[in-house]
Amino acid sequence: MQVELIDKTYNMRNKLIAGNWKLNPATSDSALELCRQLKLRLAPFSKAKIVVCPPFTALCLAVDLLKGTRISIGAQNLYWEDSGAYTGEISAPMLKSAGCEYVIIGHSERRLFFHETNENVHHKIIAAQRHNLIPIVCVGETLQQRESGVMKDVVMEQVTEALRGMSEQALQNLVIAYEPVWAIGTGKTATPAQAEEMHEFIRSLILEDFTKSVSDQMLILYGGSVKPDNARDLLQNTNIDGALVGGACLSAESFSEIVRAGEELL
Ligand code: 13P
């Protein structure tokens, strides 16, 4: 009886496995082929939430090819204005009308290479939600910040500035991804204990400003060198509700193995 109760608490949140294709693949033909493979490989799964985030030029083909499946499409970025003279940008209504349901916001590569600030991230979240896109808000510290012991301060600032002034209802349609910068594309994953500690901390930050039910239901993904062979160890932690996968999502086979690891825990 006791075990059943614990399981119910654990299962309150679903697992969400999202693939961030970044600046890949180079051609539409390869994007189409990856979508075809994903459609085949992911067909058997029925519980975990699955999101793929191709580059802008492959969004429409991914939406078309994956229509009728359980795979949702997300973009990797957006601008906060809906339209206007902003050459090279893309807006929430454009993504929505292309068929996106999610959008990644504040990825560390955007913060590092394109100088995005916490303030920018906040504006982008508001714009996404105005058009019913679910933001996947990325936070995470650099190696230097971890080594100097300020990692929780950094993440606290990123989370509180991003979510400043938001309503409880808005928080129910938002996902956080903890991606330690030192673990991205390096093959160096955070240990499950390191990841769980930060996820628990992020959930406690949500609880400071919002109700327990909002904090309990918030999906917090881990990202940074997630692979089929480490996915289960990470995903089985109480506060790790999924993964934001980079390199390993470019192969339908390895991405589907990560989805399997999530699904087996549900
Ligand atoms: P890798 O899985 O390649 O480390 O990338 C993680 C990431 O940045 C996902 O957004």
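Scroll up to find the structure.
Basis of the calculations
Residues numbered from 1 in each chain as written. Predicted model: local features only at pLDDT ≥ 70, side-chain atom pairs only at ≥ 80, totals over all residues. Heavy atoms only, no water. Helix = DSSP H or I, 4+ residues; strand = E, 2+ residues; numbered from the N terminus. Buried < 20%, exposed > 50% of the residue type's maximum accessible area, 1.4 Å probe, protein only. Lys, Arg positive; Asp, Glu negative; His and termini not counted. Salt bridge = Lys/Arg side-chain N within 4 Å of Asp/Glu carboxyl O. Polar contact = N/O pair within 3.5 Å; in protein donor to acceptor, adjacent residues only side chain to side chain. Contact = heavy atoms within 4.5 Å. 1 Å grid on protein atoms, 1.4 Å probe; cavity = no way out; pocket = protein on both sides within 12 Å on 5 of 7 lines; lining within 4 Å. Points joined across faces, edges and corners; volume = space filled by probe spheres on them. Nonpolar A, V, L, I, M, F, W, Y, C, P; charged D, E, K, R; others polar. Phe/Tyr/Trp six-rings, centres within 6.5 Å; stacked < 30°, edge-to-face > 60°. Lys NZ or Arg CZ within 6 Å of the ring centre and 35° of its normal.

*Asks:* Where do I start with the side chain of Arg111 in this structure?
*Replies:* Tracing the backbone shows Arg111 in helix α5 (residues 108-113). Among buried charged residues, Arg111 stands out as having no salt bridge; its nearest opposite-charge side chain is Glu116, 6.4 Å away. For Arg111, the side chain forms a polar contact with the main-chain oxygen of Cys138, separated by 2.9 Å. Those residues in contact with Arg111, other than ones at most four positions away along the chain, are Gly106, Glu116, Asn118, Val121, Cys138, Val139 and Gln158.

*Asks:* Which parts of the structure should I look at to understand the layout of surface pockets?
*Replies:* Where empty space is left can be seen by rolling a probe of water-molecule size over the atoms. Taken as a whole, the largest pocket encloses approximately 480 Å³ of empty space. What lines the largest pocket is a set of 18 residues, among which Lys22, Leu23, Phe56, Gln76 and Arg110 lie closest to the centre. Examining the composition of the lining of the largest pocket, we find that three residues originate from one element, α5, more than from any other. For the lining of the largest pocket, the per-class residue count stands at eight nonpolar, six polar and four charged. The volume enclosed by the second largest pocket comes to roughly 220 Å³. Contributing to the lining of the second largest pocket are 13 residues, with Lys49, Gln172, Leu174, Gln217 and Leu219 lying nearest its centre. By residue class, the composition of the lining of the second largest pocket is eight nonpolar, four polar and one charged.

*Asks:* Got a minute to help me understand the packing of aromatic side chains in this structure?
*Replies:* The relation between two aromatic rings is expressed through the spacing of the ring centres and the mutual angle of the planes. Inspection of every chain in the model, using the stated rule, returns three aromatic pairs. Consider the rings of Tyr79 and Tyr86, whose centres lie 5.0 Å apart with planes at 50 degrees: the pair is tilted. The buried category is assigned to Tyr79, whose relative accessible area is 16%. Judged by relative accessible area, Tyr86 falls into the partly exposed class, the value being 36%. Members of the aromatic cluster, each reached through a chain of ring pairs, are Tyr79, Trp80 and Tyr86. Against the face of Phe114 rests Arg110, its NZ or CZ located 4.2 Å from the ring centre. One cation-aromatic arrangement involves Lys152 over Phe201; the distance from NZ or CZ to the ring centre is 5.4 Å.

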